[in-house]
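Descriptive analysis of the structure
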Amino acid sequence: MVNIIIFISKVYAYVLMFILLIYTVRHYIFSLNRVFGKQRISYGDIIDSDLPFVSVLIPMHNEEKVAKDILISLTLSSYPKDKLEIIPIDDSSEDNTARILKEFESKYDYIRPLYRNSNRKGKAAALNDALRFATGDIIVVFDADYIPGKGLIRELVINFIDPSVGAVMGRVIPLNISKNILTRLIDLERIGGYQTDQQSRFNLKLIPQYGGTTGAFRKEPVVLTGGFKNEILAEDTELTFRLYLMGYKVIYSNRAECYEEVPESWIVRARQIRRWSCGHNQVMFLYVPKIIFSNKLTIKEKVDGLLLLGVYFLPLLLLIGIVNSFILFFSGAYFQFILQSVASVSIFQSFGNFAPFFEIAVGTYLDGVTNRVKLLPILGINFFFEMWFSSLGFLDALKYIISKREIHWQKTERFRE
Amino acid sequence: MVEKFTPHRAIRKVKIDRSEIIFVAIYTIILEILFYLLVPKITYFWGNYTKTILNLNYSSIIGTEYFNLYVLDTIGTFPQFSFSFFSLLISTAILFVLLIQRPHMMKYFLIYIDSVIIVSSFYFLIFKQFFPYTLTKLLEMLTYMQASNLILFPIVSALSIIFFKTKIYKKILFITFVVLYAFLVDTVRYIVFVFITKNLSYIFSPLFFFILGPYFDSLYFVSFFSFFVSLSSKDSNGEMFEW
């Protein structure tokens, strides 16, 4: 029995090493491409008066701290108001959100709030109700804590001039970066994730991800395929893969920047990571076979899609890798121990943060960030925090898939004063 | 006209300078050859220097099982039952204190460190007689790890800095500094490891592999790297970007 455990442990060390190597090579290629490669640009620079009618959806649940800011920002948008409707969705709020929406509704005729009081709560359910209500062909979604700039909607929407485009994603930038160490670290992750990762995936014609906010999608294919799935927490990731499997593409528009509020407390961040991980892994369970057997995706897209779906599974593999290290060390399998520990907790440790240190560094360099980049080593400490909550998220996803229980949506707490 | 404006950050890319990359590559290869030739001597130095510093007159330097390196041949101390018991008790108490804290990155980092001591204490409390290593064997493991560090660091450094445009001497300095620092850390770690394992017992030996080993090495490497990126960014003044 002991020998079997040690054998499995040794095999696991090699498998983990191999998986980590693949991810490292993948992200190194992304970094090289982003720094030296030809940069693809979206259709954002096209000037066209024939803009489509757009519905902007903003799911809101107890958003009195932030509701006004986003509505004011949207009223200042340069998008022609006769081609725009803004639908804030009040999802059973118990604070002053409804009152704020009524105030704006009375002032602006293109702001048409949807007041929900349904038993089915959560972002996906709210978006589905709003999709029935929305009249635009193109749907733009913002979270309530976002502050879109004047030209953002046009910058996103113009991309649908290409009929093969199913969704567009913009770049998200934290608004409250300098609040504390957590917000600074999240900013570094965002920089690596958008400036380097998303842009290079777009450059290389892989699968840039639609992120569910600061993005837009074509309404028809989404509605025809049943809208958003209530049982999935990462409705954005699910939509990305659904569109790709239908033959559509996702465009990443690095210039379409939008500001968001990121969690300022660790407990809120922990819940956020756990929720993202759960949703992402739910999509992984559902879509891995579909991606492998799809005839709409190229080989490159399939490989990237599978690696993208594995991103929140990797922390669990690393956590098991740590337990495995104990077995290897105390059983005397020192060669595999060295191999695994050098691989998993040293050079690759930053994968717990979803972007390796060189990818983040490249992003900060291109952004001209000179000081915050010095916090990079702290991500190595943060690795254990993110690894733990991502792993819990994976187990949540497994639980939901097996038990088919209804998903409980947890709203991210707001900090704006 | 394009030359006069810094491109928007969304579309920036860095002007590639092939000669710079070739120069760094040649320097790295030279450093690699140098370390490949010097590594046996360096491992001999670690053993011999530790022997001198800790006055281990009866210990000798022997060859390792693989790669023709050298290692200090000496014996460590097995923990007494009471030592393992108290170590387990204290580390478990610390774990409980940590578990009731609110989520924070330090909480999970400290839990990881504490877990290593808990597992080690528990192992020496129950399975002491099955411990598969002598201090010489542990030092052999440490020697392999540290030697691979010295070989890997120039390559990892070179691969990490090719993205950034800065003066070539700064790149060379960075690679050299990282390797020299690694050598210094490796030497100190070797001495401290032998001292602790001889005087405080094998219980704390896993700490040197799980926390103060490759993990610690990666932290200081990334620290130097982040300073390098910060300096390169400040130096460049946006002139390194092209459309």
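Residues numbered from 1 in each chain as written. Chains lettered and ligands numbered in written order. Predicted model: local features only at pLDDT ≥ 70, side-chain atom pairs only at ≥ 80, totals over all residues. Heavy atoms only, no water.

Helix and strand content of chain B: seven helices and four strands. When the elements of chain B are put in sequence order from the N terminus, they spell out β-α-β-β-α-α-α-α-α-α-β. In summary, chain B has a C-alpha radius of gyration of 23 Å against a globular reference of 18 Å for 243 residues, an excess of more than 25%. Overall size of chain B, expressed as C-alpha extent along the three principal axes, is 80 × 50 × 25 Å. Relative to its 243 residues, chain B shows a buried fraction of 52%. Residue pairs in contact within chain B that sit at least 24 positions apart in sequence constitute 79% of those at least 6 positions apart. Of the charged side chains in chain B, 19 are positive and 13 negative; the average position of the first set lies 6 Å away from that of the second. (Helix = DSSP H or I, 4+ residues; strand = E, 2+ residues; numbered from the N terminus. Rg over C-alpha atoms; globule rule 2.2 N^0.38 Å. Buried < 20%, exposed > 50% of the residue type's maximum accessible area, 1.4 Å probe, protein only. Contact = heavy atoms within 4.5 Å. Lys, Arg positive; Asp, Glu negative; His and termini not counted. Charge placed at Lys NZ, Arg CZ, Asp CG, Glu CD.)

All names here are of chain A. Along strand β6 (residues 165-174), ten of the ten residues are buried, which leaves the element largely enclosed by surrounding structure. Pairing geometry for β6 and strand β8 (residues 249-260), over nine bridges, is parallel. Looking at β8, one finds that Val-168 is bridged to Ile-251. (Pairing = 2+ DSSP bridges.)

Turning next to the interface of chain B and chain A. Taken together, the 62 residues of chain B in the interface contact 65 residues of chain A. Both sides together, the interface formed by chain B and chain A hides about 5,500 Å², and carbon and sulfur atoms give 75% of it. Among the residues of chain B in contact with chain A, Arg9(B), Met105(B) and Phe163(B) are the three that bury the most area, contributing 14% of the side total. Salt-bridge contacts for Asp367(A) lead to Arg9(B); the nearest nitrogen and oxygen are separated by 4.0 Å. Along the contact surface separating chain B from chain A lie 20 residue pairs in polar contact (both at pLDDT 80 or more). Residue assignment for the side of chain B that touches chain A shows that the elements contributing at least two residues are β1 (13-14), α3 (105-126), α4 (135-161), α6 (205-210) and α7 (214-236) of chain B. In terms of residue count, α7(B) provides more of the side of chain B that touches chain A than any other element does, 16 residues in total. The class makeup of the residues in the side of chain B that touches chain A is 40 nonpolar, 13 polar and nine charged. (Buried area = accessible area lost by both parts, 1.4 Å probe. Salt bridge = Lys/Arg side-chain N within 4 Å of Asp/Glu carboxyl O. Polar contact = N/O pair within 3.5 Å; in protein donor to acceptor, adjacent residues only side chain to side chain. Nonpolar A, V, L, I, M, F, W, Y, C, P; charged D, E, K, R; others polar.)

Moving on: the packing of aromatic side chains. All told, the structure shown has 70 aromatic pairs over all chains when counted by the stated rule. Ring geometry for Phe78(B) against Phe124(B): centres 6.3 Å apart, planes inclined by 65 degrees, an arrangement best described as edge-to-face. A residue pair is termed long-range when its members are at least 10 positions apart, and Phe78(B) in the loop between β3 (70-73) and α2 (81-99) and Phe124(B) in helix α3 qualify at 46 residues. Relative to Phe131(B), the ring of Phe78(B) has its centre 6.2 Å away and its plane inclined at 90 degrees; by these criteria the two rings are edge-to-face. With a gap of 53 residues between them, Phe78(B) in the loop between β3 and α2 and Phe131(B) in the loop between α3 and α4 connect regions that are remote in the sequence. According to the relative accessible area criterion, Phe78(B) is partly exposed, its value standing at 37%. Seen from the ring of Tyr287(A), Lys290(A) lies directly overhead, with NZ or CZ sitting 4.7 Å from the centre. (Phe/Tyr/Trp six-rings, centres within 6.5 Å; stacked < 30°, edge-to-face > 60°. Lys NZ or Arg CZ within 6 Å of the ring centre and 35° of its normal.)

Glancing now at the sheet that holds strand β7 (residues 215-218) of chain A. Residue and element names in this part refer to chain A. Ordered in space as β3-β2-β1-β4-β7-β6-β8-β5, the eight strands form an open sheet in which the pairing is mixed. In this open sheet, the two edge strands, each paired with only one partner strand, are β3 (114-116) and β5 (147-148). Summarising the sheet, strand β1 (residues 54-60) and strand β2 (residues 84-91) pair through seven bridges and their orientation is parallel. Bridge pairing links Ile-58 to Pro-88 in β2. Along the sheet face, helix α8 (residues 235-245) touches β6, β7 and β8 and points at about 155 degrees away from the line of β8. (Axes fitted to C-alpha atoms, helices over the stretch in contact; angles between N-to-C directions.)

The subject of this paragraph is the packing of helix α14 (residues 376-403) of chain A against α3(B). Each pair of packed helices can be described by the angle between their axes along with the distance between the axes. Contact pair α14(A) / α3(B): the axes reach a minimum separation of 8 Å and the direction vectors enclose 85 degrees. What the angle tells us is that α14(A) and α3(B) run roughly perpendicular. Note on element contacts: α3(B) touches α14(A) through Met105(B), Met106(B), Tyr108(B), Phe109(B) and Tyr112(B), opposite Ile378(A), Ile381(A), Asn382(A), Phe384(A), Phe385(A), Trp388(A) and Phe389(A). Its residues assigned to classes, the contact of α14(A) with α3(B) shows eleven nonpolar, one polar and no charged. (Parallel < 35°, antiparallel > 145°, perpendicular 65-115°, else oblique.)

So, about the pattern of salt bridges. If you walk through the whole model with that rule in mind, you get 26 salt bridges over all chains. Residue Arg99(A) pairs with Glu103(A) through a salt bridge whose shortest N-O separation is 3.4 Å. Of the two residues, Arg99(A) and Glu103(A) are both situated in helix α3 (residues 97-107); the distance of four residues between them amounts to about one turn of the helix. Glu103(A) gets classed as partly exposed once you look at its relative accessible area, which sits at 28%. Where Arg189(B) meets Asp186(B), a salt bridge forms, and the shortest distance between an N and an O atom there is 2.6 Å. Here Asp186(B) and Arg189(B) lie together in helix α5 (residues 168-199), a separation of three residues that amounts to about one turn. Each member of the pair, Arg189(B) as well as Asp186(B), carries the same accessibility label: buried. Salt bridges linked by common partners bring Arg26(A), Asp197(A), Arg201(A) and Asp304(A) together as one network.

Keep in mind these values describe shape, not function.
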